[in-house]
Amino acid sequence: KLPVQAESTLITQALTTPSGQPAASERLRFAAAVAAFGQYLRGGAALNGFTLADIITLANGAKGEDASGYRAEFIGLVRLAQALPGV
């Protein structure tokens, strides 16, 4: 907002790399999946329709090299949550 104005104007713009791929790194995308799952566990008010299936898709796409298996274990945990009755 301008200094003399009472209201601001929302400006949005998608950020992409020159090739058109998302600018977010693999690590950032996986962290976003973990954060989304945390939000889901707290009731999901901030998820705006982002489902457990979306979280799994995001995490799978950002799994990358997983030498210790922690990322695969996280994905399995989200799948277990998805299989719970009433979810």
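Predicted model only: the values in this text are computed from it and were never measured.

**Thoughts on helix α3 (residues 70-83)**
Step number 1: Here α3 spans 20 Å end to end across 14 residues, near enough to the 20 Å set by a 1.5 Å rise per residue.
Step number 2: Every buried residue belonging to α3 is among R71, F74, I75, V78 and A81, and all of these are buried. Seen from one end, α3 has its buried residues packed into an arc of 115 degrees, which puts them on one side. The exposed residues of α3 that point more than 90 degrees off its buried face are E73, L80 and A83.
Step number 3: Residues of α3 that are buried in the fold lie against α1 (26-41) and α2 (52-61).

**Observations concerning the confidence of the model for the protein chain**
Step number 1: Of the residues in the protein chain, 89% reach a pLDDT of 70 or more, and the chain-wide mean stands at 88.
Step number 2: Here α1 stands out as the element of the protein chain with the lowest mean pLDDT, 94, in contrast to α3, whose mean of 96 is the highest.

**Notes on the side chain of D66**
Step number 1: Inspection of the secondary structure puts D66 in the loop between α2 and α3.
Step number 2: The buried charged residue D66 lacks any salt bridge partner; its closest oppositely charged side chain belongs to K63, at an N-O distance of 5.1 Å.
Step number 3: Among the polar contacts made by the side chain of D66, one reaches the main-chain amide nitrogen of Y70 at a distance of 3.2 Å.
Step number 4: If sequence neighbours within four positions are ignored, D66 has contacts with R71 and A72.

Procedures and definitions
- Residues numbered from 1 in each chain as written.
- Predicted model: local features only at pLDDT ≥ 70, side-chain atom pairs only at ≥ 80, totals over all residues.
- Heavy atoms only, no water.
- Helix = DSSP H or I, 4+ residues; strand = E, 2+ residues; numbered from the N terminus.
- Expected span 1.5 Å × (residues − 1).
- Buried < 20%, exposed > 50% of the residue type's maximum accessible area, 1.4 Å probe, protein only.
- Arc of directions from axis to C-beta.
- Contact = heavy atoms within 4.5 Å.
- pLDDT = per-residue confidence, 0-100.
- Lys, Arg positive; Asp, Glu negative; His and termini not counted.
- Salt bridge = Lys/Arg side-chain N within 4 Å of Asp/Glu carboxyl O.
- Polar contact = N/O pair within 3.5 Å; in protein donor to acceptor, adjacent residues only side chain to side chain.

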